[in-house]
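Coordinates in review
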Amino acid sequence: MHLAYPAVLSALLFCTGLYGVLARRNAILVLMSVELMLNAVNLNLVAFDVWLSRAAAETLHSGQALTLFTIAIAAAEIGIGLAIVLAVHRNRGTSDIDKLRDTAEGPDPEDPENEGSGTSAAEKAEATS
């Protein structure tokens, strides 16, 4: 088998994962897209390891070792990422990335959704002076 076949498949998987990271708003789907990108890299590592092992007499199979390391790191990353997403979903009631960004930055006083939430920062400043 030629090296081009797994390389093209890996590029397609990586591009699909990149699109998923950039276009999705759900945190779980973003984590799945990152996992797809890591699997594309793993496919490349194994394909190049097999291709280089044909050329060299003594091989260390470092591509396959790096793939096992990447799989272990990805499993830990997904476990921690899902735990964080579940904790945020319990507290906020959503896993939408745009809404999570808003909570990290604080409420926007110009946002019409936050009008009924109480006084604005300017009103609080006037009340204290």
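For the structure, see preceding data.
Each value, and the rule that gives it
- Residues numbered from 1 in each chain as written.
- Predicted model: local features only at pLDDT ≥ 70, side-chain atom pairs only at ≥ 80, totals over all residues.
- Heavy atoms only, no water.
- Phe/Tyr/Trp six-rings, centres within 6.5 Å; stacked < 30°, edge-to-face > 60°.
- Helix = DSSP H or I, 4+ residues; strand = E, 2+ residues; numbered from the N terminus.
- Buried < 20%, exposed > 50% of the residue type's maximum accessible area, 1.4 Å probe, protein only.
- Expected span 1.5 Å × (residues − 1).
- Arc of directions from axis to C-beta.
- Patch = residues over 30% accessible without salt bridge, like charges linked within 9 Å, V, L, I, M, F, W, Y side chains within 5 Å.
- Areas by Shrake-Rupley, 256 points an atom, 1.4 Å probe, with all protein chains shown as cover.
- Salt bridge = Lys/Arg side-chain N within 4 Å of Asp/Glu carboxyl O.
- Contact = heavy atoms within 4.5 Å.

A few words now on the packing of aromatic side chains. For the coordinates displayed, the defined rule picks out one aromatic pair. Relative to Trp51, the ring of Phe48 has its centre 6.2 Å away and its plane inclined at 85 degrees; by these criteria the two rings are edge-to-face. Taken together, the residues span about one helical turn, with Phe48 and Trp51 both in helix 2 (residues 27-55) at a distance of three residues. The exposure class assigned to Phe48 is partly exposed, which follows from its relative accessible area of 35%. The class for Trp51 is partly exposed, based on a relative accessible area of 44%.

An α-helical turn contains 3.6 residues, so any two residues separated by three or four positions project in the same direction. Across its 20 residues, helix 1 (residues 4-23) extends 28 Å between first and last C-alpha, which sits within 8% of the 28 Å expected from 1.5 Å per residue. Three or more residues of helix 1 are buried, namely Pro6, Ser10, Gly17 and Gly20. Looking down the long axis of helix 1, one finds its buried residues gathered within 85 degrees of arc, a one-sided arrangement. Within helix 1, the exposed residues directed more than 90 degrees away from the buried face are Leu12, Tyr19 and Leu22.

Together, Phe14, Leu18, Leu22 and Val41 make up a nonpolar patch on the protein surface, roughly 340 Å² of accessible area in all. Among the elements that make up the nonpolar patch, the one with the highest residue count is helix 1 (three residues). Among the residues examined, Phe14 registers a relative accessible area of 32% and is labelled partly exposed.

By the element assignment, Ser10 lies in helix 1. According to the relative accessible area criterion, Ser10 is buried, its value standing at 3%. What Ser10 contacts, discounting residues up to four positions off in sequence, is Ala40, Val41, Leu43 and Asn44.

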